[in-house]
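# Coordinate inspection notes
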Amino acid sequence: MTTKTGDQESPQAASQCDQPSVKRAPPPETPAALQTRFRVIAAFWAVIIFLGFPIWWKTTSIYRASLPIEEMVDWADGKACRPVFPLDIHLATPSMQSFEAQHLLRTTQHTLDDLNEFAAHHLRLKLTNGSTTAVHNGEDNLEYPAKETADTALTVRLLPQDGLAGPRTFLLQLPLSTFIAAELQQLYGEEKATIAHILSGNTAGLDSTSPQLAEDIDRRLRRSMKYAETYHLSFSLFTPGSEPSSWDIEATLYANFAPTAPKPEYDESEAAWTLKKEGLSAFVNAAEWPLNPSIGNGPTINFILYVPDPSQSPLIVKENRASSWIVPQWGGVFLLNPPLSNTGEQSAPSNPSHLSLDSLGPAFMTFSHQLLTLLGTPSTPASLPLRLQTSIRIRAASLLLSASSTMGSLARLTKSLPSIPIPATVATSVSTTLSHLSASCVHLREGRFGAALASARVAETEAERSFFEKSMVGQVYFPDEHKVAVYLPLLGPIGVPLVVGLLKELKRIAARRKANGAAS
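Residues numbered from 1 in each chain as written. Predicted model: local features only at pLDDT ≥ 70, side-chain atom pairs only at ≥ 80, totals over all residues. Heavy atoms only, no water.

## What about the side chain of threonine 108?
Structurally, the position occupied by threonine 108 is in helix H4 (residues 98–115). A polar atom in the side chain of threonine 108 sits 2.6 Å from the backbone oxygen of leucine 104. Not counting the four nearest positions on each side in its chain, threonine 108 is found in contact with Leu125, Ser177, Ile180 and Ala181. (Helix = DSSP H or I, 4+ residues; strand = E, 2+ residues; numbered from the N terminus. Polar contact = N/O pair within 3.5 Å; in protein donor to acceptor, adjacent residues only side chain to side chain. Contact = heavy atoms within 4.5 Å.)

Listed below in structure tokens is the structure:
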């Protein structure tokens, strides 16, 4: 045995230091500790699976109400309804014998059917004597309906009159039935072409429609306002100067041309100041003129009466010498060039201080014409009541197709974006839309155009409400990638320890079973 003396070490101690150190294994876990760890891990996963996951699923799941997708697509594709417009024309013949009136009805109806080139719009003659109405059934027979339900589009009265300077010579050469049929076709020609344009997008299939009429119809539909139950009319008077006002009202009345609008140019040949046609769209200075963009719930139609400065009067449009024009889907403008007044020999001419009823007459006659154009009323026939009836049928057709198209767009949106919610209010609006679309189609088929327009209006309103639901629109712009970016930072620190602990526990259980199997 050696001991360490001074700087020397004993051989036994040196040999012990030269041996490598042995790493001691941790003491084996007791069965109770293993069971406790297993229970802790199982408890965590039980809470996640049976409590956390259902709560997460319930609070984050998207409610999608059931929608009749196939029916919506059928309406958009035109399979659910083919709109027809049977116009009831009553033929009153009090001075004719019954058999003569029936023969006239049959021959006129046959002539109308031969002239008709658009099956969706047809004229249906009915013989009436004030108390009963007979209908031609297409088989040279007359039927007497028990109840009249269709709207009467027109009543043609044949009255004998001596000395009539009308088309007597013409009627001697042309059968009366042919004359009546030709007049009716001409009377409803523009309406037929307009409805054909709305239903098919063009009038190419109608040989009787001239290119000029087709262009006029297309321009009128583009300029007309969107249909609404109520319109607000705003009439505004503007002038470059504020005189003869004696109070501080210049900020209210002052109105110059828009900064971007071309200035008037004096035309020597016309002896007038002129505006170029391409600059008319910039004439309305909405940035500075005190125009109210909206009054109440309905859209506002603006009418501008502009009195030019005396130094630029008279003011007209250069290309066509017009003094008025329409701003599509907005309103109309009228340039009023009143007679200039001069109070003295040395004073400059000025505008009158008061615009009388006579001076405003032409302007408001123009405004009335512009109003009918902006409301989509056709230019023919000359009778205003007939034009308004035509407008009802045209609006019913446009609203029916618009609501049907919106249903198709909503169906495609629902199928292409399964992650967007569909609240119950949307399902209710869709159901209301489809029911009113069906009702409108039935009303059209039976000739009740006022009722058809009312149903189509409700269908259009509900269709727009369902398509522009706020919760749906907001979810469209929240893709699934954003959800992953939100969940990962939250679930990562919690999920990794739980998953690793579960894998280790499963590995231990598998190793123990393997060891028990080898021992046995």
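## Points about the pairing of strand S11 (residues 324–327)
Of the strand pairs in this sheet, S11 and strand S12 (residues 331–335) are connected by four bridges, and their pairing is antiparallel. For tryptophan 325, the partnering residue across the bridge sits in S12 and is valine 333. (Pairing = 2+ DSSP bridges.)

## Brief notes about the nonpolar core
Within soluble globular proteins, side chains that are nonpolar tend to cluster in buried spots. Membership of the largest hydrophobic core comes to 60 residues, with the highest contact counts inside it found for Met72, Ile89, Leu184, Tyr188, Met407, Val430 and Leu437. At 11 residues, the largest contribution of residues to this core is made by helix H11 (residues 384–416). Grouped together as the second largest cluster of nonpolar side chains are 15 residues, Phe283, Val317, Trp325 and Val327 included. (Core = buried A, V, L, I, M, F, W, Y, C linked by side-chain atoms within 4.5 Å. Buried < 20%, exposed > 50% of the residue type's maximum accessible area, 1.4 Å probe, protein only.)

## Looking at the packing of aromatic side chains
Inspection of the entire model under this criterion finds nine aromatic pairs. With centroids separated by 5.1 Å and ring planes inclined at 15 degrees, the aromatic side chains of phenylalanine 235 and phenylalanine 303 adopt a geometry described as stacked. Highlighted residues: phenylalanine 235 in strand S6 (residues 232–238) and phenylalanine 303 in strand S9 (residues 300–306), separated in sequence by 68 residues. The exposure class assigned to phenylalanine 235 is partly exposed, which follows from its relative accessible area of 42%. Taken together, the aromatic side chains of Phe235, Phe303, Phe334, Phe364 and Phe367 make up a single cluster linked through ring pairs. The lysine or arginine in question, arginine 393, covers the ring of phenylalanine 449, its NZ or CZ lying 5.3 Å from the ring centre. (Phe/Tyr/Trp six-rings, centres within 6.5 Å; stacked < 30°, edge-to-face > 60°. Lys NZ or Arg CZ within 6 Å of the ring centre and 35° of its normal.)

## A few points about unusual backbone geometry
Going from serine 313 to proline 314, the amide bond is cis rather than trans, its omega being 0 degrees. In this fold, proline 314 is placed in the loop between S9 and strand S10 (315–317). Cis rather than trans, the peptide bond between threonine 380 and proline 381 has omega equal to 0 degrees. Along the polypeptide, proline 381 turns up in the loop between helix H10 (357–374) and H11. Phi angles above zero are rare outside glycine, and arginine 321 is one such case at about 60 degrees. Within the fold, arginine 321 resides in the loop between S10 and S11. Arginine 321 sits in the partly exposed class, given a relative accessible area of 49%. At glutamine 329, a residue that is not glycine, the phi angle is positive and equals roughly 55 degrees. Among the secondary structure elements, glutamine 329 is positioned in the loop between S11 and S12. Given the relative accessible area of 49%, glutamine 329 is considered partly exposed.

## With respect to the pattern of salt bridges
Evaluated as defined, the whole model comprises 11 salt bridges. Where glutamate 190 meets arginine 220, a salt bridge forms, and the shortest distance between an N and an O atom there is 3.3 Å. Placement of the pair is glutamate 190 in helix H7 (residues 189–200) and arginine 220 in helix H8 (residues 211–223), with a sequence separation of 30 residues. For the pair glutamate 190 and arginine 220, one class covers both residues: buried. Arginine 393 is the salt-bridge partner of glutamate 191, the closest N and O atoms lying 2.5 Å from each other. Of the two residues, glutamate 191 is situated in helix H7 and arginine 393 in helix H11; the sequence distance between them amounts to 202 residues. Three or more residues joined by partner-sharing salt bridges are found here, namely Arg37, Glu505 and Arg508. (Salt bridge = Lys/Arg side-chain N within 4 Å of Asp/Glu carboxyl O.)

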